[in-house]
Amino acid sequence: MNYIIIGGGIAGTTAAEELCKLDVTAHITIVSEEQHAIYSRVLLPHYIKNKIPRERVFLKKSGGAGSGSAGESWYAQQKIEWARGEIVVKIDPKNQHVVLESGREISYDKLLIATGGEVKLFQDDLKGVSYFRTLDDADHLLELVHALPSSAHAAIYGGGFIACEYLNIFHAFHIPTTIIFRGEHMWSHGISKEAGEILKQHLEKNNVEVFSNTHLTQLIGDKTLEAIETTNGTFSCNLLGVGIGIDSNFSCAREAGVEVKEGIVCDQYLETNLSNIFTAGDVAEFYDPRYGRHIRAGNWMSAMTQGRIVAKNMFGEKHAFDLVSSYATNALGLEIIFIGDTSREAAQETRLFGSIESGGISEIFVRNNQIVGAILIGRNTDRPILTKLISEKADPEKFEMIDK
């Protein structure tokens, strides 16, 4: 059996590793745009802050002297072909092969699309502008930080997960920071205005300048960043962290006839509308019977779990992906947790627990009198309780009783 996996991240690599166990005669090819062996994106902030050495971010160990570095020989040891630095430009579902940018064609019996996404770029660029998704981005950010003058000031453009990473990194290096974002508060399409106010007050207590409803319009400087011009004024800065979202390129899948909406549409078994083509990870828009709709779960644990499940289904078994997904981050120590289905558009109602004054809010999302999701700000102790209630399809009154 020939398996092709497009994407060398945690979903794709986990699937390949599982397939090795299930089908010892399989021929597995991972096509990865990156040049690096599989590494943990979760550990990148720890590497930047010098909490772990660079080699610790790599997830697979190479064995034996002269066997390669940073896990590179692991693929050969597993008998996995690793086509690194390659991009798939065409998927031919009729003849069951893919075409790489180099011109090479590879046939498949089963295909997995697990490509993740690329950061959205600001239209201008100068030395001092940083993006943060890959290991190369982390290396670049470290270079910029170490080159800063003692009087340096940093700015962040964005109000989501990546903005939080920048807040923590700049704080670790004692760099005064200004954050600007386009919404009324951070995660303006996700968290409540009350939760947004808690977050704003927390950042300001930690000496971060916060500017909402602000757009970045221009970078100022010759070759090196000196300031940013915004709709709310001009701010001096030597370092700019950009975190304005992720783009996914679905053109190949769409041209092949794969159904694409916000992500690559699949059923609860992670199979697309085309036979023998599966998807997993950040790009998968999978049907979840628990919520009765298609959702995306862009986090590490979901991607890893989907990788294991999809491998079994590609092998010929039948396993539904069933996980109450959750993701946690923090902004200068304040925990922010998303659990389950937190779509405001899909929820019939939301209920708030806690308050701005108490410094913590839990917001539950309700549909058909069932808790389907929750967002926690500064109330991380609610996480196991709400995860269990979502898993049990509990009604919201159960949490109200617990919270009293």
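Refer to the structure presented above.
The present account deals with the structure reproduced in this document. Here the structure is a predicted model, which is why all the values come from computation and not from measurement.

**Things to note about the overall build of the protein**
Right, so step 1: Looking only at helices and strands, the protein has 10 helices and 26 strands in total.
Right, so step 2: Taken over C-alpha atoms, the radius of gyration comes to 22 Å for the protein, in line with the 22 Å a tight globule of 404 residues would show.
Right, so step 3: On the principal axes, the C-alpha backbone points of the protein span a range of 60 × 55 × 40 Å.
Right, so step 4: Counting the 404 residues in the protein, one finds 53% classified as buried.
Right, so step 5: Pairs at least 24 apart in sequence give 58% of the contacts found in the protein among residues at least 6 apart.
Right, so step 6: Element-wise, carbon and sulfur atoms account for 46% of the exposed surface of the protein, whose accessible area totals about 18300 Å².
Right, so step 7: Separation of charge centres in the protein, based on 39 positive and 52 negative side chains, amounts to 5 Å.

**What about the side chain of Asp382?**
Right, so step 1: Structurally, Asp382 can be placed in the loop between strand E26 (370-377) and helix H9 (383-391).
Right, so step 2: Among the residues examined, Asp382 registers a relative accessible area of 8% and is labelled buried.
Right, so step 3: At 2.9 Å, the side chain of Asp382 forms a polar contact with the side chain of Arg379.
Right, so step 4: Not counting chain neighbours up to four residues away, the residues in contact with Asp382 comprise Ser362, Leu376 and Phe399.

**What about the packing of aromatic side chains?**
Right, so step 1: A full pass over the atoms with the stated rule returns 13 aromatic pairs.
Right, so step 2: Arranged with centres 6.1 Å apart and planes meeting at 55°, the rings of Phe132 and Tyr166 form a pair that is tilted. Of this pair, Phe132 sits in the loop between strand E9 (129-131) and helix H4 (135-146) while Tyr166 sits in helix H5 (residues 161-172), and the two are 34 residues apart along the sequence.
Right, so step 3: Of the residues examined, Tyr166 reaches a relative accessible area of 0% and is grouped as buried.
Right, so step 4: Clustering of aromatic rings is evident, with ring pairs tying together Phe161, Trp187, Tyr327 and Phe338.
Right, so step 5: The side chain of Lys318 reaches across the aromatic face of Tyr269, ending 4.5 Å from its centre.

**Brief notes about the packing of helix H1 (residues 10-22) against helix H8 (residues 300-315)**
Right, so step 1: It is the contact of H1 with H8, at a shortest axis distance of 7 Å, that shows an interaxial angle of 35°. Here the hand of the crossing between H1 and H8 comes out right-handed. Touching Ile10, Ala11, Thr14, Ala15, Glu18, Leu19 and Leu22 of H1 are Trp300, Ala303, Met304, Gly307, Arg308, Val310, Ala311, Lys312, Met314 and Phe315, all from H8.

Criteria and cut-off values
Residues numbered from 1 in each chain as written. Predicted model: local features only at pLDDT ≥ 70, side-chain atom pairs only at ≥ 80, totals over all residues. Heavy atoms only, no water. Helix = DSSP H or I, 4+ residues; strand = E, 2+ residues; numbered from the N terminus. Rg over C-alpha atoms; globule rule 2.2 N^0.38 Å. Buried < 20%, exposed > 50% of the residue type's maximum accessible area, 1.4 Å probe, protein only. Contact = heavy atoms within 4.5 Å. Areas by Shrake-Rupley, 256 points an atom, 1.4 Å probe, with all protein chains shown as cover. Lys, Arg positive; Asp, Glu negative; His and termini not counted. Charge placed at Lys NZ, Arg CZ, Asp CG, Glu CD. Polar contact = N/O pair within 3.5 Å; in protein donor to acceptor, adjacent residues only side chain to side chain. Phe/Tyr/Trp six-rings, centres within 6.5 Å; stacked < 30°, edge-to-face > 60°. Lys NZ or Arg CZ within 6 Å of the ring centre and 35° of its normal. Axes fitted to C-alpha atoms, helices over the stretch in contact; angles between N-to-C directions. Left-handed = near helix turned anticlockwise from the far one by under 90°.

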